[in-house]
Structures are given as structure tokens and as C-alpha cells.
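# Examination of the molecular architecture
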There are 2 protein chains.
Amino acid sequence: MKILIIGGVAGGASAAARARRLNEDATIIMFERGPYVSFANCGLPYHIGGDIKDRENLILQSPESFLARFNVDVRVNNEVLSIDRQSKAVTVSHLTTGETYQESYDYLILSPGASPVVPPIPGIANPLTFSLRNIPDMDNIIQVIGNKNVKHATVVGGGFIGLEMMEAFHQLGINTTLVEMAHQVMTPIDKEMAAFAHQEIRQHGIDLRLGVALSSAHHDVEEKRLVLTLNNGETLNTELLIMAIGVRPENHLAKSAGLTIGKLGGIQTNKHMQTNDPSIFAVGDAVEVEDFVIKSPTLVPLAGPANRQGRMAADNIMGRSEQYQGTQGTAICKIFDLAVASTGKNEKQLLEQALPYEKVYVHGASHASYYPGAQTVSFKLLFNKSSGKIYGAQAVGKKGVDKRIDIIAVAQRAGMTVDQLQHLELTYAPPYGSAKDIINQAAFVATNIIKGT
Amino acid sequence: MKILIIGGVAGGASAAARARRLNEDATIIMFERGPYVSFANCGLPYHIGGDIKDRENLILQSPESFLARFNVDVRVNNEVLSIDRQSKAVTVSHLTTGETYQESYDYLILSPGASPVVPPIPGIANPLTFSLRNIPDMDNIIQVIGNKNVKHATVVGGGFIGLEMMEAFHQLGINTTLVEMAHQVMTPIDKEMAAFAHQEIRQHGIDLRLGVALSSAHHDVEEKRLVLTLNNGETLNTELLIMAIGVRPENHLAKSAGLTIGKLGGIQTNKHMQTNDPSIFAVGDAVEVEDFVIKSPTLVPLAGPANRQGRMAADNIMGRSEQYQGTQGTAICKIFDLAVASTGKNEKQLLEQALPYEKVYVHGASHASYYPGAQTVSFKLLFNKSSGKIYGAQAVGKKGVDKRIDIIAVAQRAGMTVDQLQHLELTYAPPYGSAKDIINQAAFVATNIIKGT
Ligand SMILES: Cc1cc2nc3c(=O)[nH]c(=O)nc-3n(C[C@H](O)[C@H](O)[C@H](O)COP(=O)(O)OP(=O)(O)OC[C@H]3O[C@@H](n4cnc5c(N)ncnc54)[C@H](O)[C@@H]3O)c2cc1C
Ligand SMILES: Cc1cc2nc3c(=O)[nH]c(=O)nc-3n(C[C@H](O)[C@H](O)[C@H](O)COP(=O)(O)OP(=O)(O)OC[C@H]3O[C@@H](n4cnc5c(N)ncnc54)[C@H](O)[C@@H]3O)c2cc1C
Ligand SMILES: CC(C)(COP(=O)(O)OP(=O)(O)OC[C@H]1O[C@@H](n2cnc3c(N)ncnc32)[C@H](O)[C@@H]1OP(=O)(O)O)[C@@H](O)C(=O)NCCC(=O)NCCS
Ligand SMILES: CC(C)(COP(=O)(O)OP(=O)(O)OC[C@H]1O[C@@H](n2cnc3c(N)ncnc32)[C@H](O)[C@@H]1OP(=O)(O)O)[C@@H](O)C(=O)NCCC(=O)NCCS
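Residues numbered from 1 in each chain as written. Chains lettered and ligands numbered in written order. Predicted model: local features only at pLDDT ≥ 70, side-chain atom pairs only at ≥ 80, totals over all residues. Heavy atoms only, no water.

## Here's the deal with the interface of chain B and chain A
To keep it simple, the criterion reads: The contact rule is simple, with two residues in contact once any of their heavy atoms fall within 4.5 Å. For any pair of parts, buried area is found by adding up, for both, the accessible area (1.4 Å probe) each one loses once the two are put together. Pairs of N or O atoms within 3.5 Å make up the polar contacts considered here, provided that, within protein, one atom can donate a hydrogen while the other can accept it, and that residues adjacent in sequence are counted only when both atoms are side-chain atoms. Numbered from the N terminus, helices here are DSSP runs of H or I no shorter than four residues, and strands are runs of E no shorter than two. Three classes are used, and their members are as follows: Ala, Val, Leu, Ile, Met, Phe, Trp, Tyr, Cys and Pro are nonpolar, Asp, Glu, Lys and Arg are charged, and the others, Gly among them, are polar.
Each partner contributes residues to the interface: chain B has 68 residues there, and chain A has 68 residues. Roughly 5,800 Å² is buried in total at the junction of chain B and chain A, and carbon and sulfur atoms are behind 60% of that figure. For the chain B face of the interface with chain A, the top three residues by lost area are Tyr370(B), His423(B) and Glu425(B), together amounting to 15%. At the junction of chain B and chain A, the tally comes to 24 residue pairs in polar contact (both at pLDDT 80 or more). Elements with a minimum of two residues in the side of chain B that touches chain A: helix 1 (10–22), helix 8 (303–317), strand 21 (331–335), strand 22 (338–344), helix 10 (401–413) and helix 12 (438–451) of chain B. Split by residue class, the side of chain B that touches chain A holds 35 nonpolar, 18 polar and 15 charged.

## Side note on the relation of the copies chain B and chain A
Quick reminder of the rule: When the copies are superposed, the least-squares fit draws on C-alpha atoms of residues that have pLDDT of at least 70 in both.
The two copies are related by a screw motion: chain B maps onto chain A through a turn of 180° and a shift of 0.0 Å along the axis, at an RMSD of 0.0 Å. Interpreted geometrically, this transformation is the action of a two-fold axis. Most of the interface of chain B is mirrored in chain A: 100% of its interface residues are interface residues there too.

## A closer look at the UniProt feature "domain: FAD/NAD(P)-binding" (unreviewed entry) in chain A
Under the convention used in this document: UniProt positions are given in the numbering used here, feature names are shortened, and annotations may be inferred rather than shown by experiment.
Taking the UniProt record as the reference, the feature "domain: FAD/NAD(P)-binding" (unreviewed entry) is found at residues 1–297 of chain A. Between the first and last C-alpha atoms of residues 1–297 of chain A the distance is 32 Å; the span itself is 24% helix and 29% strand.

## Re the packing of aromatic side chains
Residues and elements named next belong to chain B. Our working definition: Note on ring pairs: Phe, Tyr and Trp rings are taken, using the six-membered ring of Trp, and paired if centres are within 6.5 Å. Classes follow the plane angle, with under 30 degrees stacked, over 60 edge-to-face and the rest tilted. Remark: exposure states derive from per-residue accessible area (1.4 Å probe, protein chains only) relative to the maximum for the residue type, with buried under 20%, exposed over 50%, and partly exposed in between. Should the NZ of a Lys or the CZ of an Arg lie within 6 Å of a ring centre and within 35 degrees of the ring normal, that charge is described as sitting over the ring.
Within this structure, the stated rule accounts for 6 aromatic pairs over all chains. Note on phenylalanine 66 and phenylalanine 70: the rings are 5.1 Å apart at their centroids and 45° apart in plane angle, and the pair reads as tilted. Placement of both phenylalanine 66 and phenylalanine 70 in helix 3 (residues 63–70) is noted, with a separation of 4 residues, approximately one turn of the helix. One exposure class covers both phenylalanine 66 and phenylalanine 70, and it is buried. Over the face of the ring belonging to phenylalanine 292 we find lysine 295, whose NZ or CZ atom lies 4.6 Å from the ring centre.

## Examining unusual backbone geometry
Residue and element names in this part refer to chain B. The phi torsion at methionine 273 lies on the positive side, around 70°, for a residue other than glycine. Following the sequence through the fold, methionine 273 ends up in the loop between helix 7 (252–256) and strand 18 (280–282). Residues other than glycine seldom take positive phi values, yet alanine 354 does so here, at roughly 55°. Relative to the helices and strands, alanine 354 resides in the loop between helix 9 (347–352) and strand 23 (358–365). Judged by relative accessible area, alanine 354 falls into the exposed class, the value being 65%.

## Quick notes on the site of ligand 3
Worth spelling out the cut-off: Nearness is judged by heavy atoms alone; a residue qualifies as near a molecule or strand once a single heavy atom is within 4 Å of it. Here the open area of atoms and residues is found with the Shrake-Rupley method and a 1.4 Å probe, where only the protein chains shown may cover a residue.
Near ligand 3 lie 28 residues; those nearest to it are Arg18(A), Arg21(A), Arg311(A), Tyr361(B) and Gln441(B). The site occupied by ligand 3 is bordered by residues of chains A and B. At 2.7 Å, a side-chain N or O of Arg21(A) approaches an oxygen atom of ligand 3. Ser38(A) is positioned with one of its side-chain polar atoms (N or O) 2.8 Å from an oxygen atom of ligand 3. Relative to its unbound accessible area of 970 Å², ligand 3 is 79% covered by the protein chains. Of all the secondary structure elements, the ones that give two or more residues to the shell around ligand 3 are helix 1 (10–22), helix 3 (63–70) and helix 8 (303–317) of chain A together with strand 23 and helix 12 of chain B. Per element, the largest residue contribution to the shell around ligand 3 is 5 residues, and it comes from helix 1 of chain A.

## Thoughts on the UniProt feature "domain: Pyridine nucleotide-disulphide oxidoreductase dimerisation" (unreviewed entry) in chain A
When the UniProt feature table is mapped onto this chain, "domain: Pyridine nucleotide-disulphide oxidoreductase dimerisation" (unreviewed entry) is found at residues 331–432 of chain A. End C-alpha atoms of residues 331–432 of chain A are separated by 22 Å, and the span's content is 23% helix alongside 37% strand.

## Some thoughts on the sheet that holds strand 9 (residues 129–130) of chain A
Residues and elements named next belong to chain A. For clarity, the cut-off: A pair of strands counts as paired when DSSP detects no fewer than two bridges linking them. Helix axes use the C-alpha atoms of the stretch in contact, all axes being lines fitted to C-alpha atoms, and the angles between their N-to-C directions lie in the range 0 to 180 degrees.
The strand order across the open sheet built from 5 strands is 9-16-10-11-12, with neighbouring strands paired in parallel fashion. A single partner strand is all that each edge strand has here, and the edge strands are strand 9 and strand 12 (207–210). Pairing of strand 11 (residues 175–180) with strand 12, which is carried by 4 bridges, proceeds in the parallel orientation. Opposite glutamate 180, over in strand 12, you have leucine 210 as the bridge partner. On top of the sheet, helix 4 (residues 135–148) reaches strand 9 and strand 16 (240–243); it is set at about 160° to strand 16, its chief contact.

## Considering the pattern of salt bridges
Using the following cut-off: Salt bridges are counted wherever a side-chain nitrogen of Lys or Arg sits within 4 Å of a carboxyl oxygen of Asp or Glu.
Counted by the stated rule, this structure contains 52 salt bridges over all chains. Here Glu322(A) makes a salt bridge to Arg320(A), at a shortest N to O gap of 3.6 Å. Each member of the pair, Glu322(A) as well as Arg320(A), is classed as buried. The salt bridge partner of Asp437(B) is Arg404(B), with a shortest N-O separation of 2.9 Å. Of this pair, Asp437(B) sits in the loop between helix 11 (418–421) and helix 12 while Arg404(B) sits in helix 10; the two residues are 33 residues apart in sequence, bridging distant segments of the chain. On the basis of relative accessible area, Arg404(B) is assigned to the buried category, the value being 1%. One salt-bridge network, in which partners are shared between bridges, spans Asp190(A), Glu192(A), Glu347(A), Lys359(A) and Lys380(A).

## Comments concerning the site of ligand 4
Contacts to ligand 4 come from 28 residues, most closely from Gln441(A), Arg18(B), Arg21(B), Ser38(B) and Arg311(B). Around ligand 4, the neighbouring residues derive from chains A and B rather than from a single chain. In this structure, Arg18(B) approaches ligand 4 through a side-chain N or O atom, which is 2.5 Å from an oxygen atom. In this structure, a nitrogen atom belonging to ligand 4 sits 2.9 Å away from a side-chain N or O atom of Asn41(B). Within the complex, the protein chains bury 78% of what would otherwise be the 970 Å² of accessible surface of ligand 4. The greatest single-element share of the shell around ligand 4, amounting to 5 residues, is contributed by helix 1 of chain B. Of the residues belonging to the shell around ligand 4, the class tally is 17 nonpolar, 6 polar and 5 charged.

## What to know about the sheet that holds strand 7 (residues 107–110) of chain A
All names here are of chain A. The strand order 3-2-1-7-18 describes an open sheet built from 5 strands, whose pairing is parallel. At either margin of the open sheet sits one strand with a lone partner, and together these are strand 3 (73–76) and strand 18 (280–282). Direction aside, neighbouring strands of the sheet carry axes that sit 15° apart on average. Across 3 bridges, the pairing between strand 7 and strand 18 is parallel. Along strand 18, the bridge assignment pairs isoleucine 109 with phenylalanine 281. Across the sheet, helix 8 lies against strand 1 (2–6), strand 7 and strand 18, angled at about 170° from strand 7, the strand it touches most.

## Remarks on the environment of Glu64(B)
Along the chain, the position of Glu64(B) falls in helix 3. Sequence-wise, Glu64(B) and Arg85(B) are 21 residues apart; in three dimensions their C-alpha atoms are separated by 30 Å.

## Some remarks on helix 12 of chain B
Selection rule: Multiply 1.5 Å by the residue count of a helix minus one, and that product is the helix's expected span.
With 14 residues, helix 12 of chain B extends 20 Å between its outermost C-alpha atoms, agreeing within 8% with the 20 Å of an ideal straight helix rising 1.5 Å per residue. Taken residue by residue, helix 12 of chain B has Ile438(B), Ile439(B), Asn440(B), Ala442(B), Ala443(B), Phe444(B), Ala446(B), Thr447(B) and Asn448(B) as its buried positions. Residues of helix 12 of chain B that are buried make contact with helix 1 and helix 8 of chain A together with strand 23, strand 24 (376–383), helix 10 and helix 11 of chain B.

Pasting the structure below:
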């Protein structure tokens, strides 16, 4: 059996490793356009900011180690240009030699990821503007910071990558402006919860501009800076611009090969992560998945789903019948001392879907308040009043936020109701929790609403 | 409606508060033998050790605040001596005046707790030996430490209270011996997991003696110390002795009143927390509950269950029909820098019950290993190989232990299988987790075992 994998990072590398563990004999070739595979995308902003000191720590496997450990033929700097489904072969360009060649397959796994959206803003193509997806992007940003002694940077986009870059710049002592078109950062959470983040961001001296968009950039070569114009007419001088307004599935290879693309632009698969061509699987940021709550297609470009889907594609190729069970979109972001996290649907989405929801807020201590170090966790729970089913939850605070959202993520996936949440028996000793945890409290309040007491 | 509550701490106070919130008109009287209600039992060792500086922080409500906030008549220093089920009245002794009186009830809630086991060891009744259950116990211990300038203390019992006292003494600069009859501390976890705790304890210079028991104590009044003899013949000089070998349900009131007592010595109730007398409910450390996993009666003296049962007893008296859904025994203990936690059944218990189990161990990073500050979490998962149902889990480490056990506690309560655990979508950003969390990894390994790959 011969398996080709396109993309050598989260989904692709996981698929390769798993395929090898399940089958010692298969020929496995992994193509990666860039110079690195198996790197920690999620760590890139933290190396820029200096938290992760050693660049090498970001690179988990090399082509050599992949060969030694997994007997996988890893071809970096090799871009797959097209897929010929008829003959079951791909055409590959070796980017360093310029050579083009073909490789046949029995099974093909697509994990090409998603690329940063860079809208056609006048002047945006300039040497001081970057987006951040991979190691070379990171290296370039670090180089500009070092060489140009950057004093001011601007980040456009208040999603998690934008926020992480904002923090990285702040940590380097660079004055930073964050521009976000929406009236809040972190759109997975609702606005009143994002307010905590806004406060945290402003307290750190960030120039946060909500409800405005970048309309043009002008590279002032003499002054070695950019002059940015916003859609409210304001201008801004900056020495480095990061575009982080979102990502878009890399669907062109799949599209050219005639694979079905969904309405949102992601590659369509069935629950086995199989495209409409039974020999071709697709995973990760490039695919549309089923939303766990509302069951419609969605795009969730996150590492957990990509890793698990990659593993599952390998499983299914190797004859297991594993089904992907939908994505909740569980996510978390560090914003200075705060953690901001969510799972499932938020209130905005429930309103859009016209789903009948109730909500409760609990502001509780991360652990027993009489034990030192407790911090407030602000927690929001959304649920269906008649069925008691959990729609989603959001939490913000300095400690214990990940735990609370994980608890809800598990409960939601298990189909628990808020009534059942009341009975959760969570770890309690003063340094870790409370006899009635925030989650129990939220369940009490929610059940009170349902039962009308 | 007139409700009497016996015991004014976790179960009792929770019942009183809830009863009031559900019914504005009921007469609610809460009797407490001791001088305090609503105190944080769980915080007592931490005040002794100095982590909780302010003694007042341990006392969450006073009789006055309870009256003002909840309109509950709280009678401290009032011990209920007997229950007359026929006439539906209790006899109470006012301990400060010596006066005895009667009080009638429509409903009675028993939350008398559990008292420390002090075995009839020769010489154990001496002024340097204490157990720790309430504020006066704590005050006495603090007084002895202060007055006698204690240089060496001994703790008998390696359960969570014993371990917390050991740490408190260590923090005060007191040389400490911990004596435990079993070959491990923290019996809810298995021995190989407890080994991490043993190492942590010894690294802190504690004289840890496993597999030995205290056989006698001699009070050397002149030297102001105790001479302890162990069952291996060794002797030990110490200036303060804490007995923390476990607790036993306070069942005598219930027993004398002819309420059914279970085989383990706890008061028996149905799922509504109702005793065999429909007017009498019982909750907390004094009752036997159903083990969530094996469905047999068990004693789990922990604050979470006590609080929730107290609330539920009030619910049921007020006409809701709430059912207690069994206790998993989710527990956690801080041992210096380590957290040790578990939920459900351990391997010893599964062996005893002759249940067919499999186990997996995963040693993973508390968050992405390339981001600073990650610590190893050692995690053990026990499950049924044919059904995939979770029997229990244990975890030890410096960070993220509470979260991992909470996740399993939720999953187990929801009836999830290890196959389903694979799909858990947990919060991931480098400071908080991993794209494939320890829990996912354990589920992968467990599912591999089940599927035979
Ligand atoms: C800065 C940053 C921070 C992030 N932080 C988090 C986080 O904290 N938590 C989280 O859950 N997620 C985070 N993510 C998202 C996460 O990294 C992605 O969801 C995940 O990597 C997606 O995996 P993938 O395999 O689908 O795509 P990728 O990991 O992007 O890999 C796709 C690879 O395919 C290659 N490729 C594409 N087309 C071809 C072709 N034709 N031929 C050869 N190679 C090709 C690309 O070069 C790319 O390297 C972050 C992403 C970034 C960029
Ligand atoms: C030092 C210590 C540390 C602990 N740490 C933790 C922890 O970290 N996590 C955890 O989950 N649990 C912990 N616990 C256990 C937890 O405190 C108990 O499970 C919980 O308090 C039980 O509640 P209860 O209402 O059943 O009993 P209690 O809280 O003990 O209250 C019972 C009260 O009833 C009173 N009483 C008894 N009989 C009578 C009578 N006849 N008349 C009047 N009053 C009466 C007693 O004086 C007592 O105050 C700890 C306990 C102790 C002692
Ligand atoms: C590095 C990389 C190739 C590793 O892939 P992997 O080998 O599948 O993943 P892991 O190293 O976590 O190992 C998981 C395997 O170990 C097994 N395992 C884990 N703990 C185990 C234990 N205690 N005993 C036995 N097996 C164990 C798991 O079962 C799993 O094997 P399986 O899939 O066959 O069931 C891949 O994760 C990668 O490229 N990551 C970087 C890209 C990325 O994820 N970016 C986004 C996040 S920053
Ligand atoms: C202090 C004590 C009397 C408080 O009891 P309580 O009032 O039931 O508990 P809380 O203060 O946590 O309040 C819980 C109530 O607030 C409600 N609540 C919590 N957050 C809320 C919110 N955001 N909006 C509305 N209601 C909210 C809950 O629904 C619950 O009410 P309900 O039971 O009617 O549903 C009791 O916990 C006690 O005595 N504790 C000390 C003893 C002890 O527990 N020891 C062991 C641990 S150390």
C-alpha cells in the first residue's frame, strides 16, 4: 500500500505517524511545501515574544527523525501542484531544484491547512507587513524586529493569533496598536465576556481600537515606516504590521482535482474524513466539519481537531471504521494574565440560529476563597430551557478557566443536561476547587430557572 | 412547616440555606454542639501551617449572620441528645447553661458528620495528642505548638488530613514523622502512584514510616514529650501527636432513635436522602451512599457530597423529587508541590471486586512541553475491556492534576467509554494544554488495547 500525504504539520504528520504504527509495510510519503514539518504553529508567537527561548523547541520532528522513527519519506520544499484522480498520482514540484515529478498513490491524505486571509487593501503588499503561519514567517518577523529596532507595531485582527502577537510585541517593549473591526476581540465569546479582555488589554497599555478597520497602508521608505489609514479616517504610523484577520481553507488543489468543496470553502468529507473520492481523505484546517451542537458544516481551524482527524484518516485507510464526531470549537487564549476560553455555541450564534436559550452567569473563586491565591472566574453557561441541553460556555479569569471549559466540553459531548451537571463530583481541596464548584453553582442556577424556583 | 437540623457545618448549613431559599415561611432551627457553624473544616490544617493567615476566614457564617441572611435560628453549643420519632421532637442540651429542652419538628435533617477514629492504644489519652475536626481542635493544636515550642511532631495516618497536618508542621519548621500502617499513603490511589507522593514527602525531609503502626504512647511529663512505641518495636520521642487514621459516621443519635444503620456504620437513606422514617433525612459524612461504579453502599466523607446532599434533603422536604446519584469519591490532596487525585475505583478495589479491568498509564506534560512551566502529569486510567466503561483514574503531578481527574469524573458520571474519550475536544493553547491532551492519549492507548492494535 502506498500513501501520500500533502502537508507535514498537525494533520499530515499525525496521519503519517499513525499510519506507520498501524501498518509496518506501507510506503508513506509526506510532502511539505515549506522547509519544516511537525512544527509547533501554536508556539510561534511565544518564540517571537521570548517566552519560548529556543527556536529548536518549536520543531518537533525533522525529515531525518521522521524517517528514523517512523520510516516515513518526508519531502520538505516539495509542493504538490496537482492531483490526477484518474491515474491516482500527484505532480510535485521540488522547490529547491525546480524539478517536477509524479508520484502515484493508493491513498491520498490532504492536510494542506488554511492560509491567512490578506484582503486587497491598497498598499498592503509591502516589506513591513506579515502574517504568521509558519517558521519562515516567524523568522522574518523576528528579523525585522531585530534589524529595524521597531518601536511601534500594529496588529490587525483580535482573534487568538492577533492577540498572541499583541502580547509578544508588548513583551518586547514595543508599543502596540490592535485594530479590530468588530466591537470585541475573541469572537467565540460574547461581548460582555470580551469586556474583561478589553480591560486587560488596555491595562497593559495597548492601544486597542475596536469597531475600526484598516483601509490602506503606505510604505514611507525614507522614514522606514508604514502610514496606516483606518476606515474612521484616522491615520497611524507604525514600523511593523501583522495581518491576523483569519484564515481560509487551502482548497485549490482539491478544487482543481474536482473534489467537492463545501459552501464555506472547505473540502467536504464524510464522517470518515473521506472526500467524494474514496481514495482521498482530507483533514484539518482545510476541511469543513460538522458543528457538534447545530450539526451544520463549519470551519474550525484548531490543532486538536486537525491532529485527531489526521489520526482518524490513517485509521480508516487501515481498515478501521472510525467516525469523526463533530467539532465543538473548544478554544482558549492567553491574554496577558487572563485566560479566555469557550466551547460550543455563544449567544450571538444562538440568536442567529433562533435557538431558544437561557443563560446564567456565575462569578466564582477558582478555588476555595479562604485559601490564598484564588482568582475570580467569570463563567457563562448557555442551555436549552426545555431539554436542559448545554449549548455552550465561556469563561474568563486568571486561573482555572481551562478546567471549567474542559468540564463543560466533556459534559456537552456526553450529552449531559444542566440538571445532571448539578451532580458533578469534582476534585475539592482548598488549593484546587470548592465544595460547590463554579460548575455546580451554574448548574444550580440553571436548574432553578428550568424548575422555576 | 418546622424543620430541625442537627449539625451546622457542610451538610447542615447547606440544607438550612437551601430550605430557606425554597420556603420563606418555614421555621428552621439548626443545632450545633460546637461553638461554630459554617466553618471551613478543609481549611483547618492550612491555618495551622500558616497558609491561611486569618482565622476569621475559616468561619463563613455566624449564628448572627445566619439569622440575618437566612432567618435561620442557629443554636451553637446545643447538642441534640435524642430523637423521639413518636412525638416528632428532639431533646436538646444547652451545653453552656446545662439546661435541657425539647423541640418539635415536622422534618428533621441529620448532618452530624463523622468523628475521628481514635483506637484504644495504651496511653493515647494524653494532653499532647489531638485529632483535627473543628475550630476548637485547631485552636488547641496551635496553642500547644506556640506554648511548648514544639520541635518534633508525629502524625499517625497518611490520609489527606494526616498529610495536610504533616505539611503544616513542616511549614512551621517542626521536624515531622508520619506513621502509616499501610505500605502507602493516600489509599484511594494505587501503590505505584503513591510512590510519587512518598518521594515528595521524603524529599522534604519528613521521616516517613510505612507499614508500621502506633502501639502505645507514654507521656513523659517531666520532659514534656511523648514516647511512642511502634509495632516494629521502635520508639520515638515526640512533642505533639496527631491521630488521623480516619473517621467514623456519628450514628449514635440515629441508632438510638431506631433509624436503620447500614453495615458500614453509616445511616441508611434512600436516593432522596430520606431515612426509614419519612420525616427524617440524613446527609453528609454520617450516611452511607451508593458507590457510583459498583453500586454497593460506601462511606465517602467529603465536603462536595455533604454539601450537595444537604441541599437535596432541603429540596425533597420542600416537595421537589431530587435523587442522589451515587458517589465516585473524587478526591484530591496537596502534598507539598504535588497534587494527588483520583476518582472512581482503584486497582486494589477492582481486584477485590474481581472486576475485569485493564489499565493504562500516560506520563504527559501538563501543557505543551515546548512552552515554559510544563510539568509531568502521571496518569492512570482503569477501564472495562469489553464495555470500554471507565472504572476510575488517578493522577499525580505538580500542575493540571485537578483538571485531568475532573475531566474523567465528568466522563465517568456521563457513562462515557474510553472510545468516546478519544474524541474529547479540550481547551488547547500552549500555556494550557496539548493538541492531544493526556486524556486523549490515555483514551488512544486504551482503545488500542480494546481494538487489539
Ligand atoms: C500562529 C498560530 C498559532 C496557533 N495557535 C493555536 C492554538 O493555540 N491552539 C490551537 O488549537 N490551534 C492553534 N493554531 C492553529 C493550528 O496550528 C492549526 O489548526 C493546525 O496546525 C492545522 O493543521 P493542518 O494540518 O490542517 O494545517 P497546517 O498545520 O497549517 O499544515 C498544513 C501544511 O501543508 C502545507 N501545504 C499546503 N499545501 C501544500 C501543497 N500543495 N504541497 C505541499 N505542502 C502543502 C503547508 O505548507 C502547511 O505547512 C495556531 C496557528 C497559528 C498559525
Ligand atoms: C481537617 C479536615 C480537612 C478536610 N479537608 C477536606 C477536603 O480538602 N476536601 C473535602 O472534600 N473534604 C474535606 N474534609 C471533609 C469535610 O469537611 C466533610 O466531609 C464535611 O464537613 C462533612 O459535612 P457534614 O455536614 O456531614 O459533617 P460536619 O461538617 O462534620 O458537621 C457535622 C456537625 O454536626 C455537629 N453535631 C454532631 N452531632 C451533633 C448533635 N447531636 N447535636 C448537635 N450538633 C451535632 C458536629 O459538632 C459537627 O460540627 C475535611 C475534614 C477535616 C476535618
Ligand atoms: C510530532 C508528531 C508527528 C507526533 O505525532 P504522533 O506520534 O501521532 O503523536 P504523539 O507523539 O503524541 O504520540 C501519540 C501516540 O503515542 C501513543 N501513546 C501515548 N502515550 C502512550 C503510553 N503511555 N503507552 C503507549 N502508547 C502511548 C498514543 O496511543 C498514540 O499512538 P496511536 O495514535 O497509535 O494510538 C505530530 O504531533 C506533529 O507533527 N505535531 C506538530 C504539529 C502540530 O500538532 N501543530 C499544532 C499544535 S502546536
Ligand atoms: C456558607 C454556607 C452556609 C453557604 O451555603 P449556600 O448558601 O447554600 O451556598 P452558597 O453560598 O455557595 O450559595 C449557593 C446558592 O447561590 C446560588 N447562586 C450561585 N451563583 C449564583 C448566581 N450567579 N446567580 C444566582 N444565584 C446564584 C446557587 O444557585 C445556590 O442557591 P440554591 O441552592 O438555592 O440553588 C455553607 O456553604 C457552609 O456552611 N459552608 C461551610 C462548611 C463547609 O462546606 N465545609 C466543608 C468545605 S470546607
